[in-house]
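Descriptive structure summary
Chain by chain, the residues:
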Amino acid sequence: MTLNQRALFVHLLTATGAVFAMLALLAAAQGKWAVMFLWLVVAFAVDGLDGPLARKYDVKSNAPRFDGVLLDLIIDYLTYVFIPAFALFQSGLLPGWTGWVAIIVITFSSAMYFADTRMKTEDNSFHGFPGCWNMVIIVLFALHPSIGVILTVVALLAVAMFLPLKFIHPVRTERWRAVSLPMALAWTFFAGWAAWVEFDPVSWAHWGLVATSLYLICVGIVQQIVPARDAGR
């Protein structure tokens, strides 16, 4: 297989995310939330894999016909924002007007964030909460908190998208990557496990899901507070 063919394969791999998004949406339309989240976890795993491959095979130079960044953003909006927001609304976790408020806030703020030219920081982290609503909403499905807690979480994270707060990319943020990458892999495992057991409240997957989620959402802010050591020392 030539380098150009390998680069094209990476684009094709990224595009499978659209298929997984459709399968997740079909499951959501039937109220099969566990199945929906399983497909979203598969899409999340693909999203974590295609980026390193795209850089390895330099898809911009070797498969320039397709814009990998645009393709990735389209699929991310579907799998990270649109379908999870639909699930939050349709599942009944937020009844009545609360559901309408949540989906409007999530979809609108995320659309603006995904178009933000300052989305990335110099160390390849994210400037503001990166719209990973799939990771948030699966935790809400697992824990079933009160309506007030859910609305508060949605409001805080929507505002956090546009604040000077740092959120890591588990693969591309080099600082503490030796911990962050295993945490992201563990989150994927626990998310899949929680969905597989249909969010059974006695499952240990919930504890792992909460712990890894708290790490991934807070570690970037901790890095802002704790300065990096001077590389020259």
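The structure reproduced in this document is the subject of the present report. (Residues numbered from 1 in each chain as written. Predicted model: local features only at pLDDT ≥ 70, side-chain atom pairs only at ≥ 80, totals over all residues. Heavy atoms only, no water.)

**What to know about the packing of aromatic side chains**
Convention followed: Stacked, tilted and edge-to-face are the three classes applied to pairs of Phe, Tyr and Trp rings, where Trp contributes its six-membered ring and a pair requires centres within 6.5 Å; stacked means planes under 30 degrees apart, edge-to-face means over 60, and tilted covers the rest. With a 1.4 Å probe rolled over the protein chains alone, any residue whose accessible area is under 20% of its type maximum counts as buried; one over 50% counts as exposed, and the rest are partly exposed.
Applying the stated criterion across every chain yields a total of 16 aromatic pairs. Pairing Tyr113 with Phe114 gives two aromatic rings, centres 6.5 Å apart and planes at 70 degrees, and the pair type is edge-to-face. Assessed through its relative accessible area of 0%, Tyr113 is described here as buried. On the basis of relative accessible area, Phe114 is assigned to the buried category, the value being 14%. When the centroid spacing of 5.3 Å and the interplanar angle of 80 degrees are considered together, the rings of Phe129 and Trp133 count as edge-to-face. Of the two residues examined, Phe129 and Trp133, each falls in the buried class.

**Considerations on the side chain of His206**
This is how the line gets drawn: For helices the rule is a DSSP run of H or I covering at least 4 residues; for strands it is a run of E covering at least 2, with both sets numbered from the N terminus onward. Note on definitions: a residue-residue contact is assigned when non-hydrogen atoms from the two residues lie within 4.5 Å.
Inspection of the secondary structure puts His206 in helix α9 (residues 205-225). Among all residues touching His206, those that are not within four sequence positions of it are Ala142, Ala194, Phe199, Asp200 and Pro201.

**A closer look at the pattern of salt bridges**
Rules: What makes a salt bridge here is a side-chain nitrogen of Lys or Arg within 4 Å of a carboxyl oxygen of Asp or Glu, nothing more.
As enumerated under the stated definition, the model contains 2 salt bridges in all. Residue Arg118 is joined to Asp116 by a salt bridge in which the shortest nitrogen-to-oxygen separation is 3.9 Å. Judged by its relative accessible area of 58%, Arg118 is exposed. In this structure, Lys166 engages Asp123 in a salt bridge whose closest nitrogen and oxygen atoms are separated by 2.5 Å. With Lys166 in strand β2 (residues 166-167) and Asp123 in the loop between α5 (97-114) and β1 (126-127), this pair connects stretches of sequence that are 43 residues apart.

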